[in-house]
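# Per-entry structural report
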Amino acid sequence: GIENCECIENSDTVKSNESKVFQSFRQERSSFMLSMNDKFSRLTRIKDLILQVGLTKTLQAVSESGDLGVEILILLRMKPEVIKLEHSALIMQIATRVFERDSELSIITIESMLQAFGKLVNATKQISSNDPTMQERKKKCELFIESFREIAPKLRNIAVGNSPSAQTASAILDDWKIFLR
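Only a predicted model underlies this, so the values are computations on that prediction, with no experimental measurement involved.

## Here's the deal with the overall build of the protein
For the protein, the helix and strand inventory stands at 7 helices and 0 strands. Put simply, the protein runs from its N terminus to its C terminus through helices and strands in the order α-α-α-α-α-α-α. In terms of C-alpha radius of gyration, the protein reaches 24 Å, well past the compact-globule figure of 16 Å for 181 residues. Oriented by its inertia axes, the alpha-carbon framework of the protein measures out at about 95 × 45 × 25 Å. Considering the protein as a whole, with its 181 residues, one finds that 33% of them fall into the buried category. Looking at the protein alone, contacts between residues at least 24 apart form 66% of all its contacts between residues at least 6 apart. Of the accessible surface of the protein, which amounts to about 11600 Å², a share of 53% is contributed by carbon and sulfur atoms. Both charge centroids of the protein, one from 25 positive and one from 24 negative side chains, sit 9 Å from each other.

Here's what the structure looks like:
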């Protein structure tokens, strides 16, 4: 009979602990649900915008407003294959706008844009041609370089630290100093 008493006490303790966990969850549940609903609605707004006006115009709107910037950069990291040269400058402008909110995401974004398009931009810059298609690409490349120059001061500020982000920022500035001349 004594063993049964211990079981009853243990099950009461478990129930009490479960009750505390549940009470804690209930207290934080509404703020958690608000946060999840907010994220969902922001992602839905991005999806709707892309469906209505396309990726380029969505990126233009986000780069101008700064709203939805973090979310769109996170989404684009999951779908890098949709990014074209004409998107890259806008994406770097968005990264510049959200730098204060999420510097790590901004740095990773800048790094990936430079890895994907930096060599093409540099090679295109050096070609002299009157071909209209090449002139159009040169304009896109100039926007790319201008966008990189826009975020360079923020990268310099962070590059003095010892964090992994600081090391990445420093490496970006070093590897792509050709665009900063």
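Now, onward.
## Some details on the pattern of salt bridges
This structure, assessed with the given rule, holds 7 salt bridges. Across the pair Lys177 and Asp174 runs a salt bridge, and its minimum N-O distance is 3.4 Å. We classify Asp174 as partly exposed; its relative accessible area is 47%. Shared partners join several salt bridges into a network, and the residues in it are Arg42, Arg45, Asp67 and Glu71.

## Thoughts on unusual backbone geometry
Here Leu68, not a glycine, exhibits a phi torsion of approximately 70°, which is positive. Along the polypeptide, Leu68 turns up in the loop between α2 (55-65) and α3 (69-78).

## Examining the packing of aromatic side chains
One pass over the full model with this rule turns up 3 aromatic pairs. With centroids separated by 6.1 Å and ring planes inclined at 80°, the aromatic side chains of Phe144 and Phe179 adopt a geometry described as edge-to-face. Separated by 35 residues along the polypeptide, Phe144 in helix α6 (residues 132-159) and Phe179 in the segment after α7 (164-175) bring together distant segments of the chain. Assigned by exposure class, Phe144 and Phe179 land together as buried. Note on Trp176 and Phe179: the rings are 5.6 Å apart at their centroids and 15° apart in plane angle, and the pair reads as stacked. Across the pair, exposure class does not vary: Trp176 and Phe179 are buried alike. Among the aromatic residues, those joined into a ring-pair cluster are Phe144, Phe148, Trp176 and Phe179.

## Concerning the environment of Met134
Note that Met134 resides in helix α6. Met134 sits in the buried class, given a relative accessible area of 15%. For the pair formed by Met134 and Ala61, sequence separation is 73 residues and the distance between their alpha carbons is 26 Å. Every residue in contact with Met134, bar those within four places of it in the chain, is listed here: Thr124, Ile127 and Ser129.

What counts and what doesn't
Residues numbered from 1 in each chain as written. Predicted model: local features only at pLDDT ≥ 70, side-chain atom pairs only at ≥ 80, totals over all residues. Heavy atoms only, no water. Helix = DSSP H or I, 4+ residues; strand = E, 2+ residues; numbered from the N terminus. Rg over C-alpha atoms; globule rule 2.2 N^0.38 Å. Buried < 20%, exposed > 50% of the residue type's maximum accessible area, 1.4 Å probe, protein only. Contact = heavy atoms within 4.5 Å. Areas by Shrake-Rupley, 256 points an atom, 1.4 Å probe, with all protein chains shown as cover. Lys, Arg positive; Asp, Glu negative; His and termini not counted. Charge placed at Lys NZ, Arg CZ, Asp CG, Glu CD. Salt bridge = Lys/Arg side-chain N within 4 Å of Asp/Glu carboxyl O. Phe/Tyr/Trp six-rings, centres within 6.5 Å; stacked < 30°, edge-to-face > 60°.

Read these as layout, nothing more, since geometry by itself doesn't imply function.
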